[in-house]
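As a plain string of letters, each chain reads:
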Amino acid sequence: MRQRQCATFDTSMPRMLFDGNLAQCFMVKLGNHARNTAMRNISTGVLYIFIIHQDQTGNRFFKWPEQVANPSWVDPAPSSVSVQAFIGLNGQLQALMPGTWNEVQP
Amino acid sequence: MPQVFGKLIGIDQALTDIGVPTIDFQLCGYGGQTPRAINQGAEVGSLAQIERKGVRITEAGSVFRVNLVGNDEIEPPGTYYTATVRNGNGDAVQCNAYVFNDSHGEYDLDFTPPYDPSTPPPPLAALIADYLQHVAYSANPEFDAAHYLAFQIVLTGPVLGGNVTGVVTGNLYTFIINQDDVGGHLFVWPPQVHNAVPVNQDPNSLTQQTFVADSDGNLYPIGAGTYYP
């Protein structure tokens, strides 16, 4: 039973292009700063989730794509996991609720 | 200009008395994808862009022919078509669905119905499906994430450590945890669940929280949990 697709990104990619045609869940593994990001193919009314992992060093910067409105800050703590849910609306991602931070990753 | 043609079958009566018949075509995507004419880069959307030729259906088995205007190929594979024959009043007298079949060349339309007309088509999957698992109480309950998207458990005693199996990456899972009318039952979240809200221990209370699954099988909350009442 697969309801949603999840795409994984890491900072070895020169550009993170989050494509709403391919997934509704995006997992980002930060091993460096991620400043070149973009989002495309946003469907209105669809729920999108970002899961952002810091590596063991932490303090990696994640630039939210320009299409993202009102996101929470990404937790800089080492090995932390930040989660943010959005709703697609008129070509933008609107934050659905405050994001969550998970300080400890097993 | 690529040409498509087909033979309309399944008409079991002469159509000579229905006036001037017309045929409406509709392109339908496969798997939710929008039909597209490639090599042209243009959306097709409907067969209004198809030039019909020889559409003069007067009896069963009449052959008609259409041309794709300026389109070299249709994607995605599996794109299907409906053809509706209308009489002079515009009333539909026959409607059927057909698929591309490249066995006779990539531009040929196969107007053979994809199923035996004498056999009813298989039933469609239900649009409303029950993805809530009612998990029976135990001290170590199992939550089946391979088949369900939400779990409800009524605590009649303490849960000391359950287990979530079959987690699908990217899926959202909601836990609904009820206390019985006694309350005070401890609920230890399964080890796959991180940063979950403490479960309310008031009698008859309800605690809810939704999580997203990552590729490592972990469940992280997408928002704060809620209590009711």
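Residues numbered from 1 in each chain as written. Chains lettered and ligands numbered in written order. Predicted model: local features only at pLDDT ≥ 70, side-chain atom pairs only at ≥ 80, totals over all residues.

## Section: the overall build of chain A
A count of helical and extended segments in chain A gives zero helices and nine strands. Sequence-ordered secondary structure for chain A, helices as α and strands as β, is β-β-β-β-β-β-β-β-β. Split into buried and exposed, the 106 residues of chain A put 35% on the buried side. Considering only intrachain contacts with a sequence separation of at least 6, the fraction spanning at least 24 residues in chain A is 47%. (Helix = DSSP H or I, 4+ residues; strand = E, 2+ residues; numbered from the N terminus. Buried ≥ 20, exposed ≤ 12 C-beta atoms within 10 Å, placed from the backbone. Contact = placed C-beta atoms within 7 Å.)

## Topic: the interface of chain A and chain B
Between chain A and chain B, the residue contacts involve 20 residues of the former and 16 residues of the latter. Elements supplying a minimum of two residues to the side of chain A that touches chain B: strand S1 (6–10), strand S3 (25–30), strand S5 (47–54), strand S7 (81–89) and strand S9 (100–102) of chain A. No other element matches the three residues that S7 of chain A contributes to the side of chain A that touches chain B. In the side of chain A that touches chain B, the residues fall into 12 nonpolar, six polar and two charged. (Nonpolar A, V, L, I, M, F, W, Y, C, P; charged D, E, K, R; others polar.)

## Here's the deal with the confidence of the model for chain B
All names here are of chain B. When pLDDT is averaged along chain B, the result is 68, and 44% of the positions lie at 70 or above. Considering each helix and strand of chain B separately, the mean pLDDT is smallest for strand S1 (residues 3–7), with a value of 37, and largest for strand S12 (residues 142–144), with 96. Long-range and interchain partners of residues 1–20, a stretch whose pLDDT sits below 50, account for 53 contacts in this model, where long-range means more than four residues apart. In the predicted structure, residues 38–72 sits below a pLDDT of 50 and forms 75 contacts with residues beyond four places in sequence or in another chain. (pLDDT = per-residue confidence, 0-100.)

## Focus on unusual backbone geometry
Cis peptide bonds are those with omega within 30 degrees of zero, and the linkage from Tyr228 of chain B to Pro229 of chain B qualifies with -5 degrees. Tracing the backbone shows Pro229 of chain B in the segment after strand S18 (226–228). If you check the backbone angles, Asn59 of chain A has positive phi at about 60 degrees while not being a glycine. Note on placement: Asn59 of chain A falls in the loop between S5 and strand S6 (68–69). The phi angle at Ser79 of chain A is positive, at roughly 60 degrees, despite the residue not being glycine. In this fold, Ser79 of chain A is placed in the loop between S6 and S7.

## Observations concerning the nonpolar core
The biggest cluster of nonpolar side chains holds 49 residues, and the ones touching the most others in it are Val28, Ile49 and Ile51 of chain A together with Val212 of chain B. Among the elements of the structure, strand S2 (16–19), S3, S5 and S7 of chain A together with strand S13 (150–155), strand S15 (172–179), strand S16 (206–213) and strand S17 (219–221) of chain B are those that each provide at least two residues to this core. With residues near it in sequence (within four places) discarded, Ile49 of chain A still touches Gln24, Cys25, Val83 and Ala85 of chain A together with Val212 and Ile222 of chain B. (Core = buried A, V, L, I, M, F, W, Y, C linked by C-beta atoms within 7 Å.)

## Quick word on the pairing of strand S8 (residues 92–95) of chain A
Residue and element names in this part refer to chain A. Here two bridges tie S6 to S8, and the two strands are oriented parallel to one another. Within the sheet, the bridge partner assigned to Val68 lies in S8 and is Leu93. When S7 meets S8, the two strands line up antiparallel, connected through four bridges. Across the sheet, residue Ile87 finds its bridge partner in S8, namely Gln94. Taking the residues between adjacent antiparallel strands as the criterion, S7 and S8 are bridged by two residues, where Asn90 takes a positive phi near 50 degrees. (Pairing = 2+ DSSP bridges.)

## Concerning the environment of Leu89 of chain A
Turning to its location among the elements, Leu89 of chain A is positioned in strand S7. Separated by 45 residues in the primary sequence, Leu89 of chain A and Thr44 of chain A place their C-alpha atoms 4.5 Å from one another.

## Some remarks on the environment of Lys63 of chain A
Residues and elements named next belong to chain A. The topology assignment puts Lys63 in the loop between S5 and S6. Spatially, the C-alpha atoms of Lys63 and Trp73 are 9.6 Å apart, while their sequence positions differ by 10 residues. Leave out the neighbours within four places in its chain, and Lys63 touches Ala34, Arg35 and Thr37.

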